[in-house]
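Chain by chain, the residues run as shown.
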Amino acid sequence: MEPENTTTPRPGSRGRVVMLVDNGVNGDSRVQKEARSAAEAGWDVVLLGKSPGKSEQHWTLGDARVRLLKVPTPMQRRRHEYRWAPLRSPLAYRPGPLAAYRKQKMKAWRADLQIRRIEANENGAALTKALLLPKRAGAKAATRWVDARVRRTQALEQRRKRMDAPLDRFTTAFWQRTMGDRAWRRLDPFLLDLDLAYGKVIDELKPDLIHANDFRMLGVGARAVMRARAAKRDVKLVWDAHEFLPGIKPWDPHPRWHVAQCLHELAYSKYADAVTTVSPTLAEMLVERHGLAEKPAVVLNAPGAEISPEQAAEPVPDLRELCGIGPGVPLSVYSGTAAPQRGLDIMVESLPQLPDLHVAFIVARSNSPYMTGLADRAKELGVADRVHMLPYVPHYQVARFLAAADLGAIPIHHWPNHEIALITKFFEYAHARLPFVVSDVKTMSAVVTETGQGEVFKAEDVADYVRAVKAVLADPKKYREVYDRPGLLDQWTWEAQAAALDEVYTKLLPGSRRVSVERAAEVTV
């Protein structure tokens, strides 16, 4: 089926909104809900994401249209990685395929000599066999030489990736000092790959408003706005800041990556006409860091209270059935991103002290190195039969899926971003009416303590985690009853958040207000 033509605006819409996200959309519940709800409110929404493959992908989210773009990445490898280094590593081959070719050539040479030797044995050709001896010795010596050069080549590549030598630190500081915020171009040119892939499509779509999700898409959106205004088209930019960038644990271990992202964000935050974010605390931090004239609007990543008839008709997987356990077996659950700083290891380490408890991890990639490591550790502890790794379900099924558990765990470590926000799983657990076991990160532990919906434990403390789990399992009703309080869950619904986001759009494009906006604002909170 041919993809829908996204370049033609939909008739009768309030304006075209182009949303940008630096992922494949699937698994990003916030972005999906933003696109769907904005389209329901009358906006012509095109959501641009990054294709995981070599071809574009197209589908719809309600009335919103999704396009996953091909993103060529020739600049993901930095310029210095292509240079020959005769002084730094004289034995290393030039960057490129030569090292692999030479290694394979040696293997082929020795394999061919082996076949010739076998043929000589079969034919009784003693002279031929003798003549092969010096060739075999030469091939062996050449192989050792090539292997030595390949090892030096690989070592050089690793040093260039680490960039921890004094010269590397000097050049990084040099570009920062001489170029200021613009140094991101030198430090992480892959950001330009993103701009080239997304930018031409944004220009074709001619949006009225660009909604840039998180820090890498901020620059893409800002540059598109600059091109549009140069062409005499007034385009508004909304920056949706999901995290406090200086406080994140870098996704990429390259020492220039985090520096480049921070400079890139500082360079383009001034172009945002409005900013939204995920918590009041983060809103205040963004004002201070970027000198924003107006405090960002808070749009929580809460689950929807309502789902469509089509979504309601889809069967929800049975969590306990997938784990192979009955209704009376204690079950704790973790749902979301799997990474060391998320603290999932404590849920495995504690199992010998919680002999009846099963643990379910609902994660995107159960075969990731981190999750594989947890599975191996469970085997070492003799608890592998009580650890279950399951895939994601659609975002509109999460709360119903998780409701079969006895408690929801959020064992995250103390990182700046973990301290300041109510993360997605917080709201998902709450709507599943799960008792919480949460680490003592600032914002979430304060809410859990205030409401009484769970227990707080000291982050990375196995003994205290065990105490908290035992307390919840001893009297789960006490914690579940908290959700019966009038208005508690209503304020944590996506419908309330969608109304706030729509108001941001409408304020930037005042001529777009219509009756549907008024209805959206009447959501009970």
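Above: the structure in question.
Just so it is clear, the structure is predicted and the values come from calculations on it, not from any experiment.

Okay, a positive patch on the surface next. On the surface, a cluster of positive charge is contributed by Arg110, Arg117, Lys129, Arg136, Lys140 and Arg144. At the level of secondary structure, the elements contributing two or more residues to the positive patch comprise helix H2 (98-123) and helix H3 (126-162). Among the structural elements, Arg117 can be located in helix H2.

In this structure, Leu319, Phe361, Leu402, Ile410, Phe426, Met444 and Trp492 are the most contacted members of the largest nonpolar core, which totals 64 residues. When residues in this core are grouped by element, the largest group, five residues, is from helix H18 (residues 462-474). When residues no more than four places from it in sequence are discounted, the contact partners of Leu402 are Leu319, Val333, Ser335, Ile362, Glu428, Tyr429, Ala432 and Leu434. Formed by 45 residues, the second largest nonpolar core is a distinct cluster that contains Leu218, Val235, Ala260 and Ala421.

Further remarks concern the side chain of Ser368. The residue Ser368 is located in the loop between strand S10 (358-362) and helix H13 (369-381) in this model. Among the polar contacts listed, one links the side chain of Ser368 to the backbone oxygen of Arg365, at a separation of 3.3 Å.

Per the stated rule, a full pass over the model turns up 23 salt bridges. Across the pair Arg16 and Asp44 runs a salt bridge, and its minimum N-O distance is 3.0 Å. One end of the pair, Arg16, is in strand S1 (residues 16-20); the other, Asp44, is in strand S2 (residues 44-50), and 28 residues separate them in sequence. Here Arg16 falls in the buried class, since its relative accessible area comes to 3%. Two residues, Glu34 and Arg30, come together in a salt bridge whose shortest N-O distance is 3.5 Å. Highlighted residues: Glu34 and Arg30, both in helix H1 (residues 29-40), separated by four residues, approximately one helical turn.

Now for the sheet that holds S2. Spatially, the eight strands line up as an open sheet ordered S3-S4-S2-S1-S5-S6-S7-S8, and their pairing is mixed. With one partner strand each, in any of the chains shown, strand S3 (57-61) and strand S8 (297-298) form the two edges of the open sheet. One ladder, built from five bridges, connects S3 with strand S4 (residues 64-69); its direction is antiparallel. Directly across from Leu61, in S4, lies its bridge partner Ala64.

What follows covers the packing of aromatic side chains. Applying the stated criterion across every chain yields a total of 14 aromatic pairs. Taken together, a centroid distance of 5.5 Å and an interplanar angle of 40° make the contact between Trp251 and Trp257 tilted. Residue classification places Trp251 among the partly exposed residues on the basis of a relative accessible area of 48%. With a relative accessible area of 3%, Trp257 lands in the buried category. Here the aromatic cluster, defined as three or more aromatic residues joined through ring pairs, consists of Phe426, Phe427, Tyr429, Phe436 and Trp492. The lysine or arginine in question, Arg149, covers the ring of Tyr93, its NZ or CZ lying 4.0 Å from the ring centre.

The six strands are arranged S11-S10-S9-S12-S13-S14 in an open sheet whose pairing can be described as parallel. The sheet is open, and its two borders are formed by strand S11 (387-390) and strand S14 (454-457), each paired with just one other strand. Each strand of the sheet is rotated relative to its neighbour by a mean of 20°, with strand direction disregarded. As paired elements, strand S9 (residues 331-335) and strand S12 (residues 407-410) share two bridges and run parallel to each other.

One turn of an α-helix holds 3.6 residues; hence residues three or four places apart share an orientation. Among the residues making up helix H9 (residues 280-290), those that are buried are Leu282, Ala283, Leu286 and His290. For H9, the angular spread of buried residues about the axis comes to 105°, placing them on one side. Close packing links the buried residues of H9 with strand S6 (236-241), helix H8 (257-268), strand S7 (274-277), S8 and helix H15 (416-420). A positive backbone phi angle near 60° is found at Gly291, which sits one or two residues after H9.

Residue alternation in S7 divides its side chains into two sets, Ala274 and Thr276 and Val275 and Thr277, and both sets are buried. Here four bridges tie S6 to S7, and the two strands are oriented parallel to one another. Looking at S7, one finds that Val238 is bridged to Ala274. Taken together, S6, H8 and S7 constitute a β-α-β crossover, and its handedness is right-handed. Since S7 and S8 lie parallel, the crossover through H9 that links them has a hand, and here it is right-handed.

It is the contact of H1 with helix H20 (residues 494-508), at a shortest axis distance of 10 Å, that shows an interaxial angle of 70°. By the criterion of interaxial angle, the relationship of H1 to H20 is roughly perpendicular. Crossing geometry of H1 relative to H20 is assigned as right-handed. Counting all contacts with H1, which are made through Lys33, Glu34, Ser37 and Ala38, the residues of H20 involved are Trp494, Ala498, Leu501 and Tyr505. Counted by class, the contact of H1 with H20 contains five nonpolar, one polar and two charged residues.

Reading the values: rules and limits
Residues numbered from 1 in each chain as written. Predicted model: local features only at pLDDT ≥ 70, side-chain atom pairs only at ≥ 80, totals over all residues. Heavy atoms only, no water. Patch = residues over 30% accessible without salt bridge, like charges linked within 9 Å, V, L, I, M, F, W, Y side chains within 5 Å. Areas by Shrake-Rupley, 256 points an atom, 1.4 Å probe, with all protein chains shown as cover. Salt bridge = Lys/Arg side-chain N within 4 Å of Asp/Glu carboxyl O. Lys, Arg positive; Asp, Glu negative; His and termini not counted. Charge placed at Lys NZ, Arg CZ, Asp CG, Glu CD. Helix = DSSP H or I, 4+ residues; strand = E, 2+ residues; numbered from the N terminus. Core = buried A, V, L, I, M, F, W, Y, C linked by side-chain atoms within 4.5 Å. Buried < 20%, exposed > 50% of the residue type's maximum accessible area, 1.4 Å probe, protein only. Contact = heavy atoms within 4.5 Å. Polar contact = N/O pair within 3.5 Å; in protein donor to acceptor, adjacent residues only side chain to side chain. Pairing = 2+ DSSP bridges. Phe/Tyr/Trp six-rings, centres within 6.5 Å; stacked < 30°, edge-to-face > 60°. Lys NZ or Arg CZ within 6 Å of the ring centre and 35° of its normal. Axes fitted to C-alpha atoms, helices over the stretch in contact; angles between N-to-C directions. Arc of directions from axis to C-beta. Right-handed = clockwise from strand over helix to strand, strands pointing away. Parallel < 35°, antiparallel > 145°, perpendicular 65-115°, else oblique. Left-handed = near helix turned anticlockwise from the far one by under 90°. Nonpolar A, V, L, I, M, F, W, Y, C, P; charged D, E, K, R; others polar.

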